[in-house]
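Per-entry structural report
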Amino acid sequence: DTAVSQTPKYLVTQMGNDKSIKCEQNLGHDTMYWYKQDSKKFLKIMFSYNNKELIINETVPNRFSPKSPDKAHLNLHINSLELGDSAVYFCASSLQGADIGKLFFGSGTQLSVL
Amino acid sequence: GESVGLHLPTLSVQEGDNSIINCAYSNSASDYFIWYKQESGKGPQFIIDIRSNMDKRQGQRVTVLLNKTVKHLSLQIAATQPGDSAVYFCAENVRGYSTLTFGKGTMLLVSP
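The notes below deal with the structure included here. (Residues numbered from 1 in each chain as written. Chains lettered and ligands numbered in written order. Predicted model: local features only at pLDDT ≥ 70, side-chain atom pairs only at ≥ 80, totals over all residues. Heavy atoms only, no water.)

Bringing the overall build of chain B into the picture now. Regarding its fold elements, chain B presents 0 helices and 11 strands. Computed over the C-alpha atoms, the radius of gyration of chain B is 14 Å, within 12% of the 13 Å expected from 2.2 N^0.38 for a compact globule of 112 residues. With respect to the principal axes defined by its C-alpha atoms, chain B has extents near 45 × 30 × 25 Å. Taken across its 112 residues, chain B has 45% of its residues classed as buried. (Helix = DSSP H or I, 4+ residues; strand = E, 2+ residues; numbered from the N terminus. Rg over C-alpha atoms; globule rule 2.2 N^0.38 Å. Buried < 20%, exposed > 50% of the residue type's maximum accessible area, 1.4 Å probe, protein only.)

Encoded structure:
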């Protein structure tokens, strides 16, 4: 069973479109994240949710809106896609407390904006 | 050898060699450090962690060394195998903060 699964794996779309990426974890973790990885492999936190509540929102354009219907799901909706949004987006989860550093990542969604 | 190119720093080794991947961190308040391995087409995977009250921690074929004086972290991989080829990231956390800050990554290439 996949611990953290995100869909789709590849997403190719035109500028200006709206798209969503879904993420689910079956680890019973209480914290979920979205990370963006650019073409130079740099990983940057976008959002962090704990028990469905937003706790971290880095300097991300408000075109990006995370939604957590329950603590096992954290979806990412992106409005008005721009060329610079092209990247690999990773969902991750962890427990709080001492295990905060042990993130479990999904396999990524490669977003290409044309 | 190790090189810094236009993209990721890359370390090329022969199978069976020991590999050392280095990481400098900048936040002196960081007290928890983690190494991740990212294989091609996959998400990063936890390898080993160390807290600031330790200077060395060993796992299976991996050792992490922490030098808080110079804010330096290293990952040593013994008897490197082709399956170790990946991008390796160090990450740091400050107590009380709920996120990790990742370093830039080093690509390890292992030749048979």
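Now that the structure is up, let's keep going.
So, about the overall build of chain A. Summing up its helical and strand segments, chain A has 0 helices and 11 strands in all. Moving toward the C terminus, one meets the helices and strands of chain A in the order β-β-β-β-β-β-β-β-β-β-β. Rg of the C-alpha trace for chain A: 13 Å, near the compact-globule value of 13 Å for 114 residues, within the 12% margin. Its C-alpha atoms give chain A principal-axis dimensions of about 40 × 25 × 25 Å. Within the span of chain A, comprising 114 residues, buried residues form 45% of the whole. If you sum the accessible surface of chain A, you get close to 5600 Å²; carbon and sulfur atoms cover 50% of it. (Areas by Shrake-Rupley, 256 points an atom, 1.4 Å probe, with all protein chains shown as cover.)

Adjacent strands of a sheet pair through backbone hydrogen bonds, lying either parallel or antiparallel. All names here are of chain B. Strand order across the open sheet formed by 4 strands is β3-β8-β7-β6, with antiparallel pairing between neighbours. Looking at which strands have only one partner, the edges of the open sheet turn out to be β3 (19–24) and β6 (56–58). Adjacent strand axes in the sheet meet at a mean angle of 15°, parallel and antiparallel pairs treated alike. Strand direction decides the pairing type here: β3 and strand β8 (residues 72–77), joined by 6 bridges, are antiparallel. When the sheet's bridge partners are listed, A24 is paired in β8 with H72. (Pairing = 2+ DSSP bridges. Axes fitted to C-alpha atoms, helices over the stretch in contact; angles between N-to-C directions.)

Turning our eyes to something else, we now look at the sheet that holds strand β1 (residues 4–7) of chain A. Residues and elements named next belong to chain A. With antiparallel pairing, 4 strands are arranged side by side in an open sheet as β1-β3-β8-β7. Because the sheet does not close on itself, it has two edges, and the strands there are β1 and β7 (64–70). Pairwise comparison of adjacent strand axes, ignoring direction, gives a mean angle of 15° for this sheet. Note: β7 against strand β8 (residues 73–78), 5 bridges, orientation antiparallel. Counterpart to P66 in the pairing with β8 is L76.

Turning next to the interface of chain B and chain A. Tallying the contact residues gives 21 residues for chain B and 22 residues for chain A. For the pair chain B and chain A, the two sides together bury roughly 1700 Å², of which 62% comes from carbon and sulfur. When the area that chain B buries against chain A is broken down by residue, the three leading residues are B:S98, B:T99 and B:F102, summing to 29%. In this structure, the connection of chain B to chain A is made through 4 residue pairs in polar contact (both at pLDDT 80 or more). Secondary-structure elements contributing two or more residues to the side of chain B that touches chain A are β4 (30–38), β5 (45–51) and β9 (86–94) of chain B. Here the element with the most residues in the side of chain B that touches chain A is β4(B); it accounts for 4 residues. (Contact = heavy atoms within 4.5 Å. Buried area = accessible area lost by both parts, 1.4 Å probe. Polar contact = N/O pair within 3.5 Å; in protein donor to acceptor, adjacent residues only side chain to side chain.)

Covalently bonding the sulfur atom of one cysteine to the sulfur atom of another cysteine gives a disulfide. All names here are of chain A. Taken as a whole and judged by the stated rule, the model has 2 disulfides over all chains. Two residues share a disulfide in this structure: C23 and C91, whose sulfurs sit 1.9 Å from each other. On the sign convention where negative is left-handed, the bridge of C23 and C91, at about -75° about the S-S bond, is left-handed. Placement of C23 in strand β3 (residues 19–25) and of C91 in strand β9 (residues 87–94) is noted, with a sequence separation of 68 residues between them. The same class applies to C23 as to C91, namely buried. (Disulfide = S-S within 2.5 Å.)

Nothing here speaks to function; it is geometry throughout.
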